[in-house]
Protein chains: 2
Amino acid sequence: MQEVTAEIIAIGDELLYGQIQDTNSHWISQQLDQIGVRVVRKTTVGDNEKDILHAFSSAEKRANIILITGGLGPTKDDLTKPLMAKYFNCSIEPVQEAIDDVKLFFEKRGRELTPLNKLQGHLPTKCTYVKNAMGTAPGMWFEENGAVWMSMPGVPHEMKHLMEVFVLPKIKEIFPLPVIYHKVIKTVGIGESWLADMIIDWEDALPSHIKLAYLPSLGQVKLRLTAFGDDYDQLERDVLVEIEKVTPLIKTYIYGFDQETLEEAVGKILIHQNKTVSFAESCTGGYISHLITSVPGSSNYFNGAIIPYHNQFKSNLLGVNTLTLKDHGAVSEETVIEMAQMVRKKFKSDFGLASSGIAGPGGGSPEKPIGTVWIACASEKGVKTKKLQLAHDRTLNIQYSAIAVLSLLRKQLTNENF
Amino acid sequence: MQEVTAEIIAIGDELLYGQIQDTNSHWISQQLDQIGVRVVRKTTVGDNEKDILHAFSSAEKRANIILITGGLGPTKDDLTKPLMAKYFNCSIEPVQEAIDDVKLFFEKRGRELTPLNKLQGHLPTKCTYVKNAMGTAPGMWFEENGAVWMSMPGVPHEMKHLMEVFVLPKIKEIFPLPVIYHKVIKTVGIGESWLADMIIDWEDALPSHIKLAYLPSLGQVKLRLTAFGDDYDQLERDVLVEIEKVTPLIKTYIYGFDQETLEEAVGKILIHQNKTVSFAESCTGGYISHLITSVPGSSNYFNGAIIPYHNQFKSNLLGVNTLTLKDHGAVSEETVIEMAQMVRKKFKSDFGLASSGIAGPGGGSPEKPIGTVWIACASEKGVKTKKLQLAHDRTLNIQYSAIAVLSLLRKQLTNENF
């Protein structure tokens, strides 16, 4: 079977000048890798006719699939559309369906279509119009010069939407792709090297058509198993056998598989056990609640939260004893225990969790340096606490603390290590 | 003066397959932009001889400076060094200074030099050896075929070190660089095309050495002005003149400049006016609080928040009248007004803001479709409300609503449109 190749072209001066990090090309790479398309090159060019046309002509020599992002806005520094028309030697004409979609997009938002935006419904005659339900710049699909081409807006969520609803299914339909089966095991609460030590014998004994990769991220490690062959069902069974072997070795740390997030996994257990939860967030400042409520249906188990950011409201509003705050400080085991207990009571929840710490960059002291964070989980069984000693980056400290709180909640729900 | 151009080539299969996000090229872009070198292209290729040599030969046609990262490890899938020798038609020979440096690097870490690592001190005869104090893969500098070339390891901190101590100073020494001045105007609350319509005459009259670009993101549009010339102070003044011309046209929407975020801008005004703020977040589920608390020092003006996610706590805990909820529903102007007033009172804040809406994907009705969001801002002057009609994506609805709330707060603080 011939290998199917792709090239990704990102267009925009802002990418070359370093004003925006191109995350699109990376995401597209991952998606193509999943379906067995080999990316042979990524190119970034500016808003410049000669460079864009050169990128088109050299890409078509190498790749079966050419995916283009950016340069599609309604303003005159956006060149992708006119240059695709020029490159494929066709004119740009109004497409009623595209104009109607743009018009509807504006109407739904109670706004009138401007002449400039109406032009977004004018397209090269050689392209197939692809509706962009997330924005006003249409997708354009071409089958020209021995390759397939797709032009998408540079706005990440619009690009992702077009890839998911149109491009990836279309590629799978057109090209004979090799069979690849991926499965990702998601773990939390253990570092990459410890995990590797625990599964080293299993890893060494993996069959040669199954590859393992460690993908660490903040507080979590993903184990990606990739099987290559020609029978999808067989690959799926082969990987399942390996997962059944490795699971007993690291059971405590596995919270889910594939795309499932920790907040989704925790939500599922809460629904299953018919339990509710609330948070008292100090140093995490709302980020735990944000993660929990990013999951659709979270109103079934998330009652709410209090963020007593200024210390006086830890007592006034949440009800922490003023003496506790005075004697031990806001960042202490004693305070975080009361915070968890009080928020559980206020919201009549089964579980109350709390965070209090010094996220930085200011506020540290020799006894409580920046990165000191206390977390607690209160339930009918009592209170479980944990002290984290993190680093000096505010953003990372907030994110890591939130992951730790969700991980603590998961442990209590699954009765592990209590 | 001739423009000095650069091309960045990143080498590695792991970049093409989406296993690693290439952050190097973005960082290098920023550095080159700062010193007036124009990046004309970024290319990513795999560990493949033909592709790498092709990238070299096409880069030298376009750029004066070619910066290469990756492919420098000691293992045989790392091809950069042998291919540079091949491309410049020279041999690879041991370089005593380089071997000594690698040896010392290992000695300092209590490790012995392996034969494989000793090979890292063997270099193409046409290169200038550049010591890498952070690792074992040397930097290699070439002046060949009418361009300068630098090969650096792909490990970010090693690359950055070589750029800072050697590459950037060397480029400044060799090339007569033009001067570039950038300024970014940040706006919120208006779409790209409306903004473009409002400033079209100004844009058309811009002097030829100043370029304008629109950089839209969720609920915000950045206007980037780039001036080219040879006198930095003069360019700064030229851009300032243009900013003074355009500001009156779009004053209401400008919240800041350059790297400043909306939450930072709002925080600055709150500090300046010595005011405090609190949020009652329903559909935004903590995201507004998360944005506000992502800014260091936010405890100076953010008192805290209540997230009454389950409806009963909108009355029980926040104090919204149960009749209001019963008669108008949780997603209504009446409810969001009381939420804003009550959270302002509970936290004794100058400003109380609230959100209540249907983020989706469930919960919509014909009267209140998914994406219906009410927001309010209460202050001593009264309450200001706004209804948003957003789309069907939960994540975007949450993010957009949070931006809208911060934008509403900013307007109240600056007394605009009240």
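Source: prediction; values computed, not measured.

The rules behind these values
Residues numbered from 1 in each chain as written. Chains lettered and ligands numbered in written order. Predicted model: local features only at pLDDT ≥ 70, side-chain atom pairs only at ≥ 80, totals over all residues. Heavy atoms only, no water. UniProt positions renumbered as here; feature names shortened; annotations may be inferred. Helix = DSSP H or I, 4+ residues; strand = E, 2+ residues; numbered from the N terminus. Domains from an automatic or database assignment. Axes fitted to C-alpha atoms, helices over the stretch in contact; angles between N-to-C directions. Parallel < 35°, antiparallel > 145°, perpendicular 65-115°, else oblique. Left-handed = near helix turned anticlockwise from the far one by under 90°. Contact = heavy atoms within 4.5 Å. Nonpolar A, V, L, I, M, F, W, Y, C, P; charged D, E, K, R; others polar. Buried < 20%, exposed > 50% of the residue type's maximum accessible area, 1.4 Å probe, protein only. Lys, Arg positive; Asp, Glu negative; His and termini not counted. Salt bridge = Lys/Arg side-chain N within 4 Å of Asp/Glu carboxyl O. Buried area = accessible area lost by both parts, 1.4 Å probe. Polar contact = N/O pair within 3.5 Å; in protein donor to acceptor, adjacent residues only side chain to side chain. Pairing = 2+ DSSP bridges. Patch = residues over 30% accessible without salt bridge, like charges linked within 9 Å, V, L, I, M, F, W, Y side chains within 5 Å. Areas by Shrake-Rupley, 256 points an atom, 1.4 Å probe, with all protein chains shown as cover. Core = buried A, V, L, I, M, F, W, Y, C linked by side-chain atoms within 4.5 Å. Phe/Tyr/Trp six-rings, centres within 6.5 Å; stacked < 30°, edge-to-face > 60°. Bend = angle between axes of the 7 residues up to and from the residue.

A. Just the UniProt feature "domain: MoaB/Mog" (unreviewed entry) in chain A, in detail. Taking the numbering used here, the UniProt-annotated feature "domain: MoaB/Mog" (unreviewed entry) corresponds to residues 7-173 of chain A. Along residues 7-173 of chain A the backbone is 43% helical and 23% strand, and the end-to-end C-alpha distance reaches 18 Å.

B. Main features of the domain arrangement of chain A. Taken domain by domain, chain A comprises domain 1 (5-174), domain 2 (179-257) and domain 3 (262-413). A separation of 35 Å is found between the C-alpha centroids of domain 1 of chain A and domain 2 of chain A.

C. Molecular detail of the packing of helix 2 (residues 24-34) of chain A against helix 7 (residues 156-174) of chain A. Residues and elements named next belong to chain A. Two elements in contact, helix 2 and helix 7, have axes separated by 11 Å at closest approach and are oriented at 25 degrees. One finds that helix 2 runs roughly parallel with respect to helix 7. The crossing of helix 2 and helix 7 is right-handed. Touching N24, W27, I28, Q31 and L32 of helix 2 are P156, M159, K160, M163, E164, L168 and I171, all from helix 7. Split into classes, the residues belonging to the contact of helix 2 with helix 7 amount to eight nonpolar, two polar and two charged.

D. Examining the side chain of D47 of chain A more closely. As for its placement among the helices and strands, D47 of chain A is situated in the loop between strand 2 (38-45) and helix 3 (49-62). Here D47 of chain A occupies a buried position and makes no salt bridge, while the nearest side chain of opposite charge, R224 of chain B, is found at 5.6 Å. Once residues within four sequence positions are removed from consideration, D47 of chain A is found in contact with I11, G12, D13, E14, I52, D77 and L79 of chain A.

E. Up close: the interface of chain A and chain B. On the side of chain B, 76 residues touch chain A, which itself brings 74 residues to the contact. For the pair chain A and chain B, the summed buried surface comes to about 6300 Å²; carbon and sulfur atoms form 55% of the total. The interface formed by chain A and chain B contains zero salt bridges. Where chain A touches chain B, the interface holds 32 residue pairs in polar contact (both at pLDDT 80 or more). In the side of chain A that touches chain B, the residues fall into 26 nonpolar, 28 polar and 20 charged. With three bridges joining them, strand 14 (residues 302-307) of chain A and strand 14 (residues 302-307) of chain B adopt antiparallel strand pairing. Paired with I306 of chain A across the strands is I306 of chain B, a residue of strand 14 of chain B.

F. Summary view of a nonpolar patch on the surface. Residue and element names in this part refer to chain A. On the surface, L218, L396 and Y400 cluster together into a nonpolar patch covering about 230 Å² of accessible area. Counting through the fold element by element, L396 comes out in helix 16 (residues 394-413). Judged by relative accessible area, L396 falls into the partly exposed class, the value being 41%.

G. Up close: the pairing of strand 3 (residues 65-69) of chain B. Residues and elements named next belong to chain B. In terms of burial, strand 3 is largely enclosed, as five of its five residues are buried. The side-chain alternation of strand 3 yields two buried faces, one formed by I65, L67 and T69 and the other by I66 and I68. Across five bridges, strand 1 (residues 5-11) lies against strand 3 in parallel orientation. Bridge pairing links E7 to I66 in strand 3. With five bridges connecting them, strand 3 and strand 8 (residues 147-152) associate as parallel partners.

H. Focus on the side chain of R410 of chain B. Residue and element names in this part refer to chain B. For R410, the position within the fold is in helix 16 (residues 394-413). Residue classification places R410 among the buried positions, given a relative accessible area of 4%. A polar contact of 2.3 Å, which involves the side chain of R410, links it to the backbone oxygen of T252.

I. Spotlight on the environment of E264 of chain A. Residue and element names in this part refer to chain A. Turning to its location among the elements, E264 is positioned in helix 11 (residues 262-273). The spacing of E264 and A55 is 209 residues in sequence and 41 Å in space, taken between C-alpha atoms. Filtering out sequence-adjacent residues up to four positions away, E264 remains in contact with Q259 and V295.

J. Summary view of the nonpolar core. Counting residues in hydrophobic clusters, the biggest one holds 74 residues, and the most contacted among them are F279 and F302 of chain A together with F279 and F302 of chain B. Setting aside residues no more than four positions away along its own chain, F302 of chain A makes contact with V277, F279, S289, I292 and T293 of chain A together with I307, Y309 and H310 of chain B.

K. Representation of the sheet that holds strand 14 of chain B within the structure. Strands sit in the order 17(A)-16(A)-15(A)-13(A)-14(A)-14(B)-13(B)-15(B)-16(B)-17(B) across an open sheet of 10 strands; the sheet is mixed. Unpaired on one side and paired on the other, strand 17 (382-389) of chain A together with strand 17 (382-389) of chain B mark the two borders of the sheet. The sheet shows a mean angle of 15 degrees between the axes of neighbouring strands, taken without regard to direction.

L. Spatial organisation of the packing of aromatic side chains. Residues and elements named next belong to chain B. Enumeration over the complete set of coordinates arrives at 25 aromatic pairs over all chains. Centre to centre, the rings of F56 and Y87 are 5.6 Å apart; their planes meet at 65 degrees, and the pair counts as edge-to-face. With a gap of 31 residues between them, F56 in helix 3 (residues 49-62) and Y87 in helix 4 (residues 80-87) connect regions that are remote in the sequence. Of the residues examined, F56 reaches a relative accessible area of 0% and is grouped as buried. Their ring planes at 35 degrees and their centres at 4.8 Å tell us that F88 and F142 sit as a pair that is tilted. Of this pair, F88 sits in the loop between helix 4 and strand 4 (92-94) while F142 is found in strand 7 (residues 139-144), placing the two residues 54 residues apart along the sequence.

M. Quick peek at helix 7 of chain A. Residues and elements named next belong to chain A. At M163, helix 7 is bent by approximately 50 degrees, the largest bend along its length. Among the residues of helix 7, those classed as buried are E158, M159, H161, L162, M163, F166, V167, L168 and I171. Tucked inside the fold, the buried residues of helix 7 contact helix 2, strand 3 (65-69), strand 6 (128-130), strand 7 (139-144) and strand 8 (147-152).

N. The pairing of strand 2 (residues 38-45) of chain B, seen in detail. Along strand 2 of chain B, eight of the eight residues are buried, which leaves the element largely enclosed by surrounding structure. Across five bridges, the pairing between strand 2 of chain A and strand 2 of chain B is antiparallel. Note that in strand 2 of chain B the partner of R41 of chain A across the bridge is V45 of chain B. In terms of strand pairing, strand 1 of chain B meets strand 2 of chain B through seven bridges, oriented parallel. Bridging from a neighbouring strand, I9 of chain B pairs with T43 of chain B of strand 2 of chain B.

O. How the structure looks around the packing of helix 3 of chain B against helix 4 of chain B. All names here are of chain B. At a minimum axis distance of 10 Å, the contact between helix 3 and helix 4 shows a crossing angle of 55 degrees. Classified by the interaxial angle, the pair formed by helix 3 and helix 4 is oblique. Taken as a pair, helix 3 and helix 4 cross one another with a handedness that is right-handed. Contact with helix 3, carried on its side by E49, I52, L53, F56, S57 and E60, involves L83, M84, K86 and Y87 of helix 4 and no other residues of that element. Of the residues belonging to the contact of helix 3 with helix 4, the class tally is six nonpolar, one polar and three charged.

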